[in-house]
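Take a look at the letters that make up each chain.
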Amino acid sequence: MKLAIGQNIRDFRKKNNLTQETLADRLGVSYQSISRWENDTTYPDLELIPAIAEILAVTVDELLGMPQIEKEKRAVETFDELRRECMKHDYDADKIVNLLRDIRRNYLDSKSAWRPWVEGNDRAFRDPKILPEVRLMAELFLERQPMNPHVLETMAEIEDEEHLQDFLKKYTTSFDCSERALLFNRYLRLSDDKNFEAERRYQLFHAIDTIFSHRHLVKRHASAEYIHFANEFLEKLLTLIRCDAVDDNVDMWITFRLEQMTNSAARYVSLGKFDEAISKLEAVAQLLEQTMKITKEIILPVSCRFLDGMEWRAKEEWITIDNNPDSLKERCIFIETLMGRGSSCHCLFPSQYFDELNGKDFEPLRNHPEFENLCERVKALIITKPNEK
């Protein structure tokens, strides 16, 4: 973890009403050195650390940020323990309540305080014995980060009917008054072409992303025929969206393409068109192999003139696929675009596609001469390592 010594020097200097010039004079260095330390451009020489701490009336540990580092370490350990307990089929509600209480009192300012809201703890959080403590934690978290989408989405899903409307009334609006929507309208009405263009691209992508979510396109309990038609529609739509693609190499639509090709292959299997299914899975394997060659961060082609200028980046990351702090980390490709204070991102794990190939949808292909080879090619892309404690 990076030392916060530069920020600490600045904070403690100001607390002691010292200018950069005064501190520099007392240490026998230039004020430019102080500025570079505080901006984390350089670190002070080791022999100067005790003198700096003495002048600023703090301990060396405090100057180096050791208390903050230790507190952050304890916070991460607490979030890990919460996740472990919430994952259990027969979780201990009292233990979860105590962990949530500890987080609420001590760790809501942690850099990892977002974790309880995104790691899939919803099943446990709905427990009537646990929910009141989650509610208290959400209220305090939203005081620090108003309108935080992760908290709002989690609470809207887990809150009981008795408290739901009060929560929504207090923390949300009846219509879309998000930062993105408000800026879109502002720049449009002010004819601010430069800023509007960035918002327009983001809003268009968000609309496309929404359409490609089965939650929005396919009704609950839809028939197999309905689902097959929806998948065929999305496959054709994706071809139209990628109107400027010059080849089948990686672009910003990697995960969309993989999902649609896999769904298309499953559709062909259900129709008994096994050779067509194998052809689609060959394309899946090829795109996965190309994507997993990414190591250093790259900018992905857009392949769509309506989104020209939108910047998606891809790089390798090591992440636990199930948010289990004790699981192996898997090498994945992290794909992200930044938009103001927010971002859109997703991770591509080869193991997800390997699991799909071994699912019931592709059972009829087990004896196909090329299917086993395709499975082995995808399996070869799965690389794991222990999760460092």
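Residues numbered from 1 in each chain as written. Predicted model: local features only at pLDDT ≥ 70, side-chain atom pairs only at ≥ 80, totals over all residues. Heavy atoms only, no water.

Colleague: Just checking my understanding: could you explain the overall build of the protein chain for this structure?
Modeller: The number of helices and strands found in the protein chain is 20 helices and five strands. Expressed along its principal axes, the backbone C-alpha trace of the protein chain runs to roughly 80 × 50 × 50 Å. Among the 389 residues that make up the protein chain, the fraction classed as buried is 43%. Surface accessibility of the protein chain: about 22500 Å² in total, with carbon and sulfur atoms responsible for 51%. (Helix = DSSP H or I, 4+ residues; strand = E, 2+ residues; numbered from the N terminus. Buried < 20%, exposed > 50% of the residue type's maximum accessible area, 1.4 Å probe, protein only. Areas by Shrake-Rupley, 256 points an atom, 1.4 Å probe, with all protein chains shown as cover.)

Colleague: I would appreciate a short explanation of the pairing of strand 2 (residues 313-319) in the present structure.
Modeller: One face of the sheet, then the other: side chains in a regular strand alternate in exactly this way. Bridging between strand 1 (residues 298-299) and strand 2 involves two bridges; their strand directions are antiparallel. Note on strand 2: the bridge partner recorded for Ile298 is Ala314. Across seven bridges, the pairing between strand 2 and strand 3 (residues 329-339) is antiparallel. Residue pairing in the sheet places Glu317 in a bridge with Cys332 of strand 3. (Pairing = 2+ DSSP bridges.)

Colleague: Would you take a moment to explain the packing of aromatic side chains for this structure?
Modeller: Pairs of aromatic rings are described using the distance from one ring centre to the other and the angle between the two planes. For the structure on display, the rule yields 10 aromatic pairs. Seen in terms of ring centroids, Trp117 and Phe125 are 6.4 Å apart; in terms of plane orientation they differ by 70 degrees. Their pairing is edge-to-face. The pair formed by Trp117 and Phe125 is uniform in burial state, with each residue classed as buried. Taken together, a centroid distance of 6.0 Å and an interplanar angle of 45 degrees make the contact between Phe205 and Trp253 tilted. Of this pair, Phe205 sits in helix 14 (residues 193-211) while Trp253 sits in the loop between helix 16 (224-241) and helix 17 (254-270), and the two are 48 residues apart along the sequence. Like Phe205, the residue Trp253 is buried in the burial classification. (Phe/Tyr/Trp six-rings, centres within 6.5 Å; stacked < 30°, edge-to-face > 60°.)

Colleague: I tried to follow the pairing of strand 4 (residues 342-348) on my own but got confused; where do I start?
Modeller: Taken together, the seven bridges between strand 3 and strand 4 define a ladder with antiparallel strand orientation. Bridge pairing in strand 4 links Met339 to Gly342. From the end of strand 3 to the start of strand 4, which pair antiparallel, there are two residues, and Gly340 there has a positive phi angle of about 60 degrees.

Colleague: Teacher, can you tell me more about helix 7 (residues 93-106) here?
Modeller: Helical geometry: 3.6 residues make up each α-helical turn, so side chains three or four residues apart lie on a common side. The end-to-end C-alpha distance of helix 7, which contains 14 residues, comes to 20 Å, matching closely the 20 Å that a straight helix rising 1.5 Å per residue would cover. Within the span of helix 7, buried status applies to Ala93, Ile96, Val97, Leu99, Leu100, Ile103 and Arg104. All buried residues of helix 7 project into a common sector of 165 degrees when viewed along the axis, lining one side. Among the structural elements, helix 6 (66-87), helix 9 (122-125) and helix 10 (131-144) are those in contact with the buried residues of helix 7. Where helix 7 begins, the side chain of Asp92 points an oxygen toward the backbone nitrogen of Asp94, at a separation of 3.0 Å. (Expected span 1.5 Å × (residues − 1). Arc of directions from axis to C-beta. Contact = heavy atoms within 4.5 Å. Polar contact = N/O pair within 3.5 Å; in protein donor to acceptor, adjacent residues only side chain to side chain.)

Colleague: Before we go on, may I ask you to explain a negative patch on the surface in this structure?
Modeller: Together, Asp61, Glu62, Glu70 and Glu77 give the surface a local cluster of negative charge. For the negative patch, the elements supplying multiple residues, two or more each, are helix 5 (60-64) and helix 6. Note on placement: Glu70 falls in helix 6. Accessibility expressed as a relative area gives 36% for Glu70, which makes it partly exposed. (Patch = residues over 30% accessible without salt bridge, like charges linked within 9 Å, V, L, I, M, F, W, Y side chains within 5 Å. Salt bridge = Lys/Arg side-chain N within 4 Å of Asp/Glu carboxyl O. Lys, Arg positive; Asp, Glu negative; His and termini not counted. Charge placed at Lys NZ, Arg CZ, Asp CG, Glu CD.)

Colleague: What's the story with a nonpolar patch on the surface in this structure? I'm lost.
Modeller: A surface patch of nonpolar side chains, about 310 Å² in accessible area, is lined by Ile211, Phe229 and Phe233. Among the secondary structure elements, Ile211 is positioned in helix 14.

Colleague: When you look at the state of the cysteines in this model, what are you seeing that I'm missing?
Modeller: Disulfide: a covalent bond connecting the sulfur atoms of a pair of cysteines. Taken as a whole and judged by the stated rule, the model has zero disulfides. Here Cys332 stays unpaired: no disulfide links it, and the sulfur of Cys347, its closest cysteine neighbor, is 4.3 Å away. (Disulfide = S-S within 2.5 Å.)

Colleague: Mind showing me how you'd approach the pattern of salt bridges here?
Modeller: As a working rule, side chains carrying opposite charge can pair if their charged atoms are close by. Scanning all chains against the criterion turns up 33 salt bridges. Its salt-bridge partner being Arg313, residue Glu311 comes within 2.6 Å of it at the nearest N-O pair. For Arg313, a relative accessible area of 32% puts it in the partly exposed group.

Colleague: Is there a simple way to think about the nonpolar core in this case?
Modeller: Nonpolar side chains in soluble globular proteins generally cluster together in the buried interior. In this structure, Met252, Trp253, Leu258 and Phe362 are the most contacted members of the largest nonpolar core, which totals 48 residues. Counting only elements with at least two residues in this core, the list comes to helix 14, helix 16, helix 17, helix 18 (274-291), strand 3, helix 19 (350-357) and helix 20 (371-379). Within the second largest apolar cluster, 30 residues are counted, among which are Ala93, Val97, Leu99 and Val134. (Core = buried A, V, L, I, M, F, W, Y, C linked by side-chain atoms within 4.5 Å.)

Colleague: Would you mind showing me how to read the environment of Val134 here?
Modeller: Mapped onto the fold, Val134 is located in helix 10. For Val134, a relative accessible area of 0% gives the class buried. Separated by 18 residues in the primary sequence, Val134 and Pro116 place their C-alpha atoms 9.6 Å from one another.

Colleague: In this structure, what is going on with the packing of helix 6 against helix 7? I would like to understand it.
Modeller: Each pair of packed helices can be summarised by the angle the axes make with each other and by the distance between the axes. The contact between helix 6 and helix 7 brings their axes to 10 Å, and the two run at 155 degrees. Judged on the interaxial angle alone, helix 7 and helix 6 are roughly antiparallel. Crossing hand, helix 6 versus helix 7: left-handed. Along its contact with helix 6, which presents Lys71, Thr78, Phe79, Glu81, Leu82, Glu85 and Cys86, the element helix 7 presents Lys95, Ile96, Leu99, Leu100, Asp102, Ile103 and Asn106. Looking at side-chain class alone, the contact of helix 6 with helix 7 contains seven nonpolar, two polar and five charged residues. (Axes fitted to C-alpha atoms, helices over the stretch in contact; angles between N-to-C directions. Parallel < 35°, antiparallel > 145°, perpendicular 65-115°, else oblique. Left-handed = near helix turned anticlockwise from the far one by under 90°. Nonpolar A, V, L, I, M, F, W, Y, C, P; charged D, E, K, R; others polar.)

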